[in-house]
Amino acid sequence: MVPTASAGVKRRVRGYDSARMQVDLRESWRIADVEIPSRLVLAPMAGVSVQAFRRQGRRFGAGLVCSEMVSCAGLSHHNERTLGYLRIAADEHPLAVQIFGAEPAVMAEAARMVEDAGADIVDINFGCPVRKVTKTGAGAHCLEEPARACAIVEAVANAISLPVSVKMRRGLPNGSRTCLEIGPQLVEAGAASLTLHPRSAKQMYTGEADHSLTAELVELVDVPVIASGDITSRARAQTVLATTGAEAVMVGRAAQGNPWALSQIMGEEGEPSREEVVAELVLFMRETVRELGEHRAAGFLKKFYGWYLGRGRFPKPFKQELVQLETLGEVEQRLFAAAPGARFVLERLEDELPQGDEVLLDLPISIYGGG
Ligand SMILES: Cc1cc2nc3c(=O)[nH]c(=O)nc-3n(C[C@H](O)[C@H](O)[C@H](O)COP(=O)(O)O)c2cc1C
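Small disclaimer: the values here were computed from a predicted structure and weren't measured.

1. Here's the deal with the sheet that holds strand S9 (residues 164–171)
Here is step 1: An order of S5-S12-S11-S10-S9-S8-S7-S6 is seen for the 8 strands of this open sheet, with the pairing classed as parallel. Each edge of the sheet is formed by a strand with only one pairing partner; in this case those strands are strand S5 (40–42) and strand S6 (65–71). Mean inter-strand twist for the sheet, computed between neighbouring axes without regard to direction, equals 30°.
Here is step 2: Examined bridge by bridge, strand S8 (residues 121–126) and S9 share 5 bridges and lie parallel to one another.

2. Let's talk about helix H7 (residues 146–159)
Here is step 1: Compared with an ideal rise of 1.5 Å per residue, which puts 14 residues at 20 Å, H7 spans 20 Å between its outermost C-alpha atoms and is within 8% of the ideal.
Here is step 2: Of all the positions in H7, only Ala149, Cys150, Ile152, Val153, Val156 and Ala159 are classed as buried.
Here is step 3: Against helix H5 (104–117), S8, S9 and helix H8 (178–189) lie the buried residues of H7.

3. Quick look at the nonpolar core
Here is step 1: Phe126, Met168, Leu186, Leu194, Leu309 and Leu335 are the most contacted members of the largest nonpolar core, which has 121 residues in total.
Here is step 2: When residues of this core are assigned to their parent elements, the largest contribution, 9 residues, is made by helix H12 (residues 274–292).
Here is step 3: For Met168, the residues in contact, after removing those within four places along its chain, are Phe126, Gly127, Leu143, Cys179, Ile182, Gly183, Leu186, Leu194, Thr195, Leu196, His197 and Leu217.

4. Considering the packing of aromatic side chains
Here is step 1: For the coordinates displayed, the defined rule picks out 6 aromatic pairs.
Here is step 2: Seen from their ring centres, Phe304 and Trp307 are 5.0 Å apart, and the 80° between their planes marks the pair as edge-to-face. Linking Phe304 with Trp307, this pair stays in helix H13 (residues 294–309), spanning 3 residues, or about one helical turn.
Here is step 3: Phe304 gets classed as buried once you look at its relative accessible area, which sits at 0%.
Here is step 4: Classification of Trp307 as partly exposed rests on a relative accessible area of 24%.

The rules we used
- Residues numbered from 1 in each chain as written.
- Predicted model: local features only at pLDDT ≥ 70, side-chain atom pairs only at ≥ 80, totals over all residues.
- Heavy atoms only, no water.
- Pairing = 2+ DSSP bridges.
- Helix = DSSP H or I, 4+ residues; strand = E, 2+ residues; numbered from the N terminus.
- Axes fitted to C-alpha atoms, helices over the stretch in contact; angles between N-to-C directions.
- Expected span 1.5 Å × (residues − 1).
- Buried < 20%, exposed > 50% of the residue type's maximum accessible area, 1.4 Å probe, protein only.
- Contact = heavy atoms within 4.5 Å.
- Core = buried A, V, L, I, M, F, W, Y, C linked by side-chain atoms within 4.5 Å.
- Phe/Tyr/Trp six-rings, centres within 6.5 Å; stacked < 30°, edge-to-face > 60°.

Nothing here speaks to function; it is all geometry.
What follows is the structure in structure tokens.
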């Protein structure tokens, strides 16, 4: 039987063996009518969540992946770079595209464009703590203006037929419990799921995510709640799922340059070989070039070298050497020289992946206003 939003408390004990604190991460669940095949969600991260990251996340066990936050104003002005965020590949589904903004009507228009682009869920950002965003009334600022936040959710939910989800922080100041007041109101306004990152906006990424708030939120709403913040291991994922009643856990920083964190959380054991690390990095580089073009990709990729090659996998100077190289071709050569067997691993990976026409990289014509 398909669990419904009204399954409420019953939903919380599904798949939970209280004796062993084990929650089955491979169990599927739903946001409205969108089926999500595992209880692991890949976090939206600005400057990280490109298509290659999301596709990789799906391969390594994430049941749902998210785009980074996309400006509704940029979409509504048909800004070319912003429109690029709406490129969705065939093997990303289910995928949420996240939008941010402060004006209900503009958010509704952006949500329609996201729906046309082929996303499965529209996610609304009420969590971004960055001043550039909050000073426009968007992101975490909306937590301070519940009426506006609800108007945004309602306008978006009325504009599209996809489910609408909301991602939020606990509130603006430290110790805030605003999420518990606003959460049920957002559901009332039409949110089919809530993700909580229980840090204050002021905290940015310091301190710890307080998942006792996640547990409280779960008690208050009858839609699925996703727990975000400091999920770095299978044990932590299991504990947060079991103690909060959240439907799924979201993983962000732990998956940066480390998709193996996802498969480990899903229950696979063992560390990747150097060859596997290099093969995944080169695949990621090639896909990113296809998406962003060589010039933008070169700058974008620099932070990923450290993320992939760190964790004791390669010596530090090696990473510094890569950052200095002029072209991505040279970076590839140097990587293959350090782990020659990676070429064969990469060949196998590329053979397994859908290629060419099977992967949709172009934007649907409707995004350009009908051609
Ligand atoms: C570099 C970076 C960019 C982020 N960008 C977004 C974003 O665009 N939208 C969003 O809702 N959250 C964003 N987040 C927050 C994450 O989605 C997540 O909630 C947070 O990092 C806590 O999870 P973690 O401890 O697993 O990283 C970002 C986090 C980081 C580190």
